[in-house]
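# A structural walkthrough
Spelled out, the chains give:
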Amino acid sequence: TTTTTTTTTTTATATTAAPTTTATTTTAAPTTTTTTTTAAATTTAEASNDDSCRWAKDDMCDEPIFCSAGTDCTDCGNCNGGSTTTTTTTRPRQPVASGNDNSCASSMNGICEDGGACEAGTDCTDCANCGTFTGTTTNVPGSTTTLSTTIPPPGPAPGTLPPLPPTPAPTPTPTGAQLKFPRSVDVAEGRFDLDFDVVPITSPLDATDRFYTRGYVANNGGLGAPVGPIMRVNPGDTIRLRLNNRLQYPNPNCDDNPIVQEVSIAGFGSFTMEEQNHICYLNTTNLHTHGLHVSSKPGQDDVFTDVKPGTSTEYDIEVPEDHMGGTHWYHPHHHHATAVQAGGGAAGMIVVKDREGALPPAYAEMEEVPFFMQLVDLLHMRTLAAHGSDALFRPRGNQNFVIVNGQYQPTHALNEGQWYRFRMVFAAVERGARLEIDGTNGAQCEMQLLAKDGVYLHEMPRKIESAAFFSGARADIAVRCSCPAAGGCAAMIRSNGRHARAVRATETATTTQAFTGDILELLVSRTGRMDPDLPKVRVNRPCYLADLRNAVVPDANKHDLNVQPGMLWDGRPMQGFNFRHSPRTPPIADVPVGQVHEWYVHEQTRHPMHLHINHYQIQNMGGNEDRGDNFYEPGDWHDTFLERVGTITVRLQTDRFVGNMVVHCHILEHEDEGMMGYFDVVGQEGTRWSGARQLDSTCYMEAGGVGYTLL
């Protein structure tokens, strides 16, 4: 048997030489300072017999990252146990990066530790002295190291942003509060700011568990949550935004904190293995417009852009005039940091509006309700953040829960008999959900599926009993409820836990992989109203989404894609867990622009396949089409797909855009670990597939082709 325990260590170098004086010049947001340091690393002995660390007894060994050796002994299994041995640890002093900042590893934990665990001036948010501290640092108890620095008043360096002001963590929204909505930004009104910043939050399950995450709190209309504003876009608009990264240094890289595994093999003994850490650069960000059919060139949906701490980058994302209306979302996509940033709440909805005349009145006039659902797994996220030496995301709790528009188990009022369009986005690191509307509190609600992943069904609506969600999935669902009680009724949107990825090829769904619980309560007012049933309709489609089920695909464009660790393309590894952001890993292959392609996708039962820039159409589901569940059917379009149906066949067009077309597992941790690659789409920019109109004479390549056919 093999037992593996994984921890993250920080390499430290001990020295017994006399103190030396070194001059260190540090450039960091928000200030640039020259620091003269007189310091020497010291060695101290600490008894291995207590849990005095703030992070002790949280079911995770925090030594030596967040706790000194011997101060988290229960979790680390090194309490005395009758022994009087002690461990010796080196506690090197790190120079102050800049004054009036949060560069201390223990900063921003709700406790002012200036002059204690932190050098003075390096825990400024907790100590409320950001922008005001000037003076000389003090010694840390238990250390003989002296570091004397005069810190000048702060001032933004060129191209940087001002320091974050101290902000108290908000109290959690009480269960049952009325659902609120993020601020909507009409991108046609011009360039707007999107601030990526520190967000203080409180666990909705424990009012004493207060911690920090990353998000867009300054732009969402006062929700006090990391979810960003709703971007509302017309086909043909350009999304002009300025992404301001207001985070600060330090920003540990992957080489600073290797993962050390203590491996024990029966009959062979124990040994230590060290491998590169894949969770890092947690304060560098960028922006991915998940689901938009746009260019991947720099300044648009380019996930290889680096927006470093204290800097800004302008995006000009050109949405084509023939873009289909639909529900999409945006989130950070910097390699090695996506899971911690997006999984911590930094994300928001994008709505591409339908052109006038694109839908029948019964659909076009339906009242919309945006539900941006975020599944937060505190234990998993804390583990990832610890691997990245993160000083922000450090909750105590181990629970997982779903918030909607930044709120925990809110309520939303509906009128009996009225149709509503629920725009639903499900953001998560890895867990899935199977949503149903439980009418046990009197209301009876029906669900009619309109679109998935921002693309309308070829014929809609489609009656469903539940909706499958996983990381990155979206669905537009029409909902109508009845209420027999005079005083009103209620129904609960909840996840029954039946949808989950298989952990092994021979395994079926397990509740450990899916969220189970209540999400939002619908309060239905009795009105006596009953809207007519929705008409069956087929909408005209842009030609890049023409039905490909009867397309003729050249043999040269047929390929196998195996979505697993060490992803395979036509049987050969395509970089897999070795994908690197810089220097960038070479492309998987060159694929021609303006053509139709067919892929045979394996192992997506465990790893949801996400494709950037272009959607793909399901052709078959491995012989499992008749499953008693019509949420998925051949002909449906996705940009992300996970379902336990075996090998699937998909077709897609490489429409008009040349450059990077990224593909990866949308379990965000796997993506950060390198389960990602990209194709180089080559040829003439703007090339369209000529066969689209032969398959669908109603498809359009310009703004004026919208319309519909009643069936």
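We now turn to the structure provided with this report.

Rules used throughout
- Residues numbered from 1 in each chain as written.
- Predicted model: local features only at pLDDT ≥ 70, side-chain atom pairs only at ≥ 80, totals over all residues.
- Heavy atoms only, no water.
- Helix = DSSP H or I, 4+ residues; strand = E, 2+ residues; numbered from the N terminus.
- Buried < 20%, exposed > 50% of the residue type's maximum accessible area, 1.4 Å probe, protein only.
- Contact = heavy atoms within 4.5 Å.
- Areas by Shrake-Rupley, 256 points an atom, 1.4 Å probe, with all protein chains shown as cover.
- Salt bridge = Lys/Arg side-chain N within 4 Å of Asp/Glu carboxyl O.
- Pairing = 2+ DSSP bridges.
- Axes fitted to C-alpha atoms, helices over the stretch in contact; angles between N-to-C directions.
- Phe/Tyr/Trp six-rings, centres within 6.5 Å; stacked < 30°, edge-to-face > 60°.
- Lys NZ or Arg CZ within 6 Å of the ring centre and 35° of its normal.

### Examining the overall build of the protein
Looking only at helices and strands, one finds seven helices and 43 strands in the protein. Burial status across the protein gives 58% buried among its 711 residues. Here the contacts in the protein between residues at least 6 apart in sequence split such that 75% fall between residues at least 24 apart. Total accessible area computed for the protein in this model is approximately 26800 Å², and 49% of it derives from carbon and sulfur atoms.

### Quick word on the environment of Asp-306
Mapped onto the secondary structure, Asp-306 falls in the loop between strand E13 (288-290) and strand E14 (312-318). You can call Asp-306 partly exposed: its relative accessible area is 36%. The sequence separation of Asp-306 and His-335 amounts to 29 residues, and the corresponding C-alpha distance is 9.6 Å.

### Brief notes about the pattern of salt bridges
According to the stated counting rule, one finds 35 salt bridges in the structure shown. Taking the shortest distance from any N to any O, the salt bridge between Arg-232 and Glu-368 comes out at 3.9 Å. Taken together, the residues Arg-232 in strand E9 (residues 230-233) and Glu-368 in strand E17 (residues 367-377) connect sequence positions 136 residues apart. Taking the shortest distance from any N to any O, the salt bridge between Glu-459 and Arg-538 comes out at 3.0 Å. Of this pair, Glu-459 sits in the loop between strand E24 (455-456) and strand E25 (462-464) while Arg-538 sits in strand E30 (residues 537-539), and the two are 79 residues apart along the sequence. Residue classification places Glu-459 among the partly exposed positions, given a relative accessible area of 37%.

### A closer look at the sheet that holds strand E8 (residues 210-215)
Where strands meet in a sheet, backbone hydrogen bonds hold them as pairs that are either parallel or antiparallel. Pairing within the open sheet is mixed, and its four strands lie in the order E8-E7-E10-E14. Edge strands, defined here as strands with exactly one partner in the open sheet, are E8 and E14. Each neighbouring strand pair of the sheet contributes to a mean axis angle of 25°, computed without reference to strand direction. Relative to E8, strand E7 (residues 192-202) runs antiparallel, the two sharing six bridges. Across the sheet, residue Thr-202 finds its bridge partner in E8, namely Arg-210.

### Things to note about the packing of aromatic side chains
Taken as a whole and judged by the stated rule, the model has 13 aromatic pairs. Arranged with centres 5.2 Å apart and planes meeting at 35°, the rings of Trp-599 and Phe-679 form a pair that is tilted. With Trp-599 in strand E35 (residues 596-602) and Phe-679 in strand E42 (residues 676-682), this residue pair connects regions lying 80 residues apart in the sequence. A single burial state applies to Trp-599 and to Phe-679, both of which are buried. Ring centres of Phe-631 and Tyr-632 lie 5.1 Å apart, and the angle between their planes is 85°; this geometry places the pair in the edge-to-face category. A relative accessible area of 2% places Phe-631 in the buried class. Here a set of aromatic residues connected by ring pairs shows up, and it is made of Phe-196, Tyr-216 and Tyr-330. Above the face of the Phe-631 ring, Lys-452 is positioned so that its terminal group lies 5.0 Å from the ring centre.

### Regarding helix H5 (residues 378-387)
Since the α-helix packs 3.6 residues into each turn, any two residues three or four apart lie on the same face. Among the ten residues in H5, eight count as buried, and that is most of the element. Those residues of H5 that sit buried are Leu-378, His-380, Met-381, Arg-382, Leu-384, Ala-385, Ala-386 and His-387. Ser-389 lies just past H5 and shows a positive phi near 55°.

### Comments concerning the sheet that holds strand E15 (residues 326-331)
Taking strand neighbours across the sheet as the criterion, the five strands line up as E6-E9-E16-E15-E13 in an open arrangement whose pairing is mixed. Each edge of the sheet is formed by a strand with only one pairing partner; in this case those strands are strand E6 (184-186) and E13. Strand-to-strand twist across the sheet, computed as the mean angle between neighbouring axes with direction ignored, equals 25°. Bridge count for E13 against E15 is three bridges, and the pairing is antiparallel. The residue of E15 that forms the bridge with His-288 is His-331.

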